[in-house]
Protein chains: 2
Amino acid sequence: MTQSPVLAPAGPFSTPEREAVYRAIHSRRDVRSQFLPDPIESGVLDRLLLAAHHAPSVGLMQPWNFILIRNAAVKAEVRAAFTRANDEAAAMFPEERRALYSSLKLQGIEQAPINLCITCDRSRGGPVVLGRTHNRDTDLYSTVCAVQNLWLAARAEGIGVGWVSIFRDSDLRQILGLPEHVVPVAYLCLGKVSELYDEPELQAKGWARRRALEDLVFEDRWPAPGD
Amino acid sequence: MTQSPVLAPAGPFSTPEREAVYRAIHSRRDVRSQFLPDPIESGVLDRLLLAAHHAPSVGLMQPWNFILIRNAAVKAEVRAAFTRANDEAAAMFPEERRALYSSLKLQGIEQAPINLCITCDRSRGGPVVLGRTHNRDTDLYSTVCAVQNLWLAARAEGIGVGWVSIFRDSDLRQILGLPEHVVPVAYLCLGKVSELYDEPELQAKGWARRRALEDLVFEDRWPAPGD
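The model shown is predicted, which means the values in this text are computed figures rather than measured ones. (Residues numbered from 1 in each chain as written. Chains lettered and ligands numbered in written order. Predicted model: local features only at pLDDT ≥ 70, side-chain atom pairs only at ≥ 80, totals over all residues.)

This paragraph deals with the overall build of chain A. For chain A, the helix and strand inventory stands at seven helices and seven strands. The C-alpha extent of chain A, read off along each of the three principal axes, is 65 × 50 × 40 Å. Here chain A holds 227 residues, and 48% of them are scored as buried. Put simply, of all contacts in chain A between residues at least 6 apart along the chain, 86% involve residues at least 24 apart. (Helix = DSSP H or I, 4+ residues; strand = E, 2+ residues; numbered from the N terminus. Buried ≥ 20, exposed ≤ 12 C-beta atoms within 10 Å, placed from the backbone. Contact = placed C-beta atoms within 7 Å.)

Here it is as structure tokens:
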């Protein structure tokens, strides 16, 4: 502390604190059907947005904006855009999976009291951003960090979050009036929940299974073919 | 619970639990200089990787792999690749910022006991992935969610994390032996820390400042020019 007044002690959390962080991480779900109609208190919403805003960002670029959508007409347009894209999506799956695909509920746009589009302004911070000189997509990555911060905070607040990604880019841009240099990274549905699946919903519904972690971990480099 | 046996009660966390989640979010830092040489216990590392693996992923694609780098020779190659790219980066800034840029320490590759490259396998799950039909980059976004889960878990464990993004893509691919279809999303330095900056380091060092959240929040759509 004497050498640098802005450094503060920062060791491990207490066991109950650590367990709370892991509880948020492990019990977080992608919510489509469990939204309650109750409004989200403004204090809660403020805390969620502040959590998102405290995400890491390349060069402290903070490229995000938060578009809060409560207007029913706007939600209805977004819902229609989802339906158009999802009809296209269903046709892309092999016939044997199509019935299961179509049975899945993949969005709660109109049930969720609040929708939130988190965008990335690719021009923020000017043409040269520290840390972004060799990979221009790091601003998109920063924006996703904001999404995940909000998602975990929401779990702790009893707020469910569902990320809807089945849209034609042009539809979402037109509905939300996004300028060319702004990318809609995540369209989220937010609402109170009183229950959640105890495993990923796509696993509960038989679409996919969680992989074994040990198969995904390598040492020092990607294994050579045949290793 | 009677209608669907896999739904479990899921309300808000207790106040101390919620505060622990926010503590991780608000006190997390991008670490470059505070790494201690002490090894990270394998139980801690396992919990961090498990937290990453419990990130949301599009279509439950789980596109990530985790390359743990402890070998000093590999770290030295990565460090040299950073230096090459960072020399290029410094030259991109206007002259009046170049001295400050060059004074910033932007990586702790060799000080950190463990480096971790989190990659995205763009071919995983086959050619058509649920939720990825209209935006192919959602697999990269899922991988970033894994990074942020790990970063917050690390804060709770007393482990500092630094994301190094200043590399030529081809250098990192060659050193780590990545196949064409695998993207190195994040190169992370991990090590125990006993102190952290109490604000973002780039703010503490006078490079950039945190923006006001209220300037970043919009209602229902992006404001029209002149609004």
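Read on, since the account is not over.
A word on unusual backbone geometry. What is expected of a backbone is that most residues other than glycine have negative phi and most peptide bonds are trans. Residues and elements named next belong to chain B. A positive phi angle, close to 45 degrees, is found at Q62, a residue other than glycine. Non-glycine residue D220 carries a positive phi angle of around 65 degrees. Tracing the sequence through the fold places D220 in the segment after β7 (217–219). In this structure D220 comes out as partly exposed when scored by C-beta crowding, with 18 C-beta atoms within 10 Å.

Turning our attention to the sheet that holds strand β3 (residues 114–121) of chain B. The strand order across the open sheet formed by five strands is β7(A)-β2(B)-β3(B)-β5(B)-β4(B), and the pairing between neighbours is mixed. Since the sheet does not close on itself, it has two edges, and those belong to β7 (217–219) of chain A together with β4 (159–164) of chain B, each with one partner. The mean angle between the axes of side-by-side strands here comes to 25 degrees, regardless of whether they run parallel or antiparallel. Bridging between strand β2 (residues 64–69) of chain B and β3(B) involves six bridges; their strand directions are antiparallel. Bridge pairing in β3(B) places B:L68 opposite B:L116. Along the sheet face, helix α2 (residues 42–53) of chain B touches β7 of chain A together with β2, β3 and β4 of chain B and points at about 155 degrees away from the line of β2(B). (Pairing = 2+ DSSP bridges. Axes fitted to C-alpha atoms, helices over the stretch in contact; angles between N-to-C directions.)

Here the focus is helix α5 (residues 138–157) of chain A. Given 3.6 residues per turn, any residue in an α-helix points the same way as the ones three and four places further on. All names here are of chain A. The end-to-end C-alpha distance of α5 is 29 Å, a good match for the 28 Å that 20 residues give at a rise of 1.5 Å each. Of all the 20 residues making up α5, 19 are buried; the element is thus mostly covered by neighbouring parts of the structure. Looking at the residues trailing α5, positive phi occurs at G158, about 75 degrees. (Expected span 1.5 Å × (residues − 1).)

This part takes up the interface of chain A and chain B. With 96 residues of chain A at the interface, the matching set in chain B holds 96 residues. No other element matches helix α1 (residues 15–27) of chain A, which puts eleven residues into the side of chain A that touches chain B. In terms of residue class, the side of chain A that touches chain B is made up of 60 nonpolar, 21 polar and 15 charged. Where β7(A) meets β2(B), three bridges bridge the pair, whose relative direction is parallel. Considered in β2(B), the bridge of A:E219 is made with B:L68. (Nonpolar A, V, L, I, M, F, W, Y, C, P; charged D, E, K, R; others polar.)

In this section: the environment of A:T83. Here A:T83 shows up in helix α3 (residues 72–92). In the structure, A:T83 is positioned 51 residues away from A:H134 in sequence and 38 Å away in space, judged by C-alpha atoms.

Right, let's get into the packing of α5(A) against helix α1 (residues 15–27) of chain B. Contact geometry for α5(A) and α1(B): axes closest at 9 Å, N-to-C directions at 170 degrees. In terms of their interaxial angle, α5(A) and α1(B) are classed as roughly antiparallel. Judged by residue contacts, A:N149, A:L152, A:A153, A:A156 and A:E157 of α5(A) engage B:E17, B:R18, B:V21, B:Y22 and B:I25 from α1(B). Here the residues of the contact of α5(A) with α1(B) are counted per class, giving six nonpolar, one polar and three charged. (Parallel < 35°, antiparallel > 145°, perpendicular 65-115°, else oblique.)

Turning to the pairing of strand β5 (residues 182–192) of chain B, a few remarks are in order. Residue and element names in this part refer to chain B. Within β5, eleven of the eleven residues are buried, leaving the element largely enclosed by the surrounding structure. Where β3 meets β5, eight bridges bridge the pair, whose relative direction is antiparallel. Each residue of the ladder has a partner; that of I114, found in β5, is L190. Of the pairings in the sheet, the one linking β4 to β5 comprises six bridges and is antiparallel in character. The partner of W163 across the bridge, within β5, is L188.

Moving on: the confidence of the model for chain A. Per-residue confidence for chain A gives a mean pLDDT of 96; residues scoring 70 or more make up 98%. On the interface metric, ipTM, the complex scores 0.97, and its pTM is 0.97. (pLDDT = per-residue confidence, 0-100.)

Moving on, we come to the relation of the copies chain A and chain B. In summary, the two copies of the chain are related to each other by a rotation about an axis coupled with a shift along it. Least-squares fitting of chain A to chain B yields an RMSD of 0.0 Å, with the superposition described by an axial translation of 0.0 Å and a rotation of 180 degrees. A rotation of that kind, with that shift, is consistent with a two-fold axis. Among all residues of chain A, the one whose C-alpha sits closest to the rotation axis is A:V21, at a distance of 2.6 Å. Both copies present the same face, since 100% of the interface residues in chain A are matched by interface residues at the equivalent positions in chain B. (Least-squares fit on C-alpha atoms with pLDDT ≥ 70 in both.)

Counting 126 residues, the largest nonpolar core has A:V21, A:I118, B:V21 and B:I118 as its most contacted members. Aside from chain neighbours lying at most four places away, what touches A:I118 is A:A52, A:W64, A:F66, A:T143, A:A146, A:V147, A:V185, A:A186 and A:L188. (Core = buried A, V, L, I, M, F, W, Y, C linked by C-beta atoms within 7 Å.)

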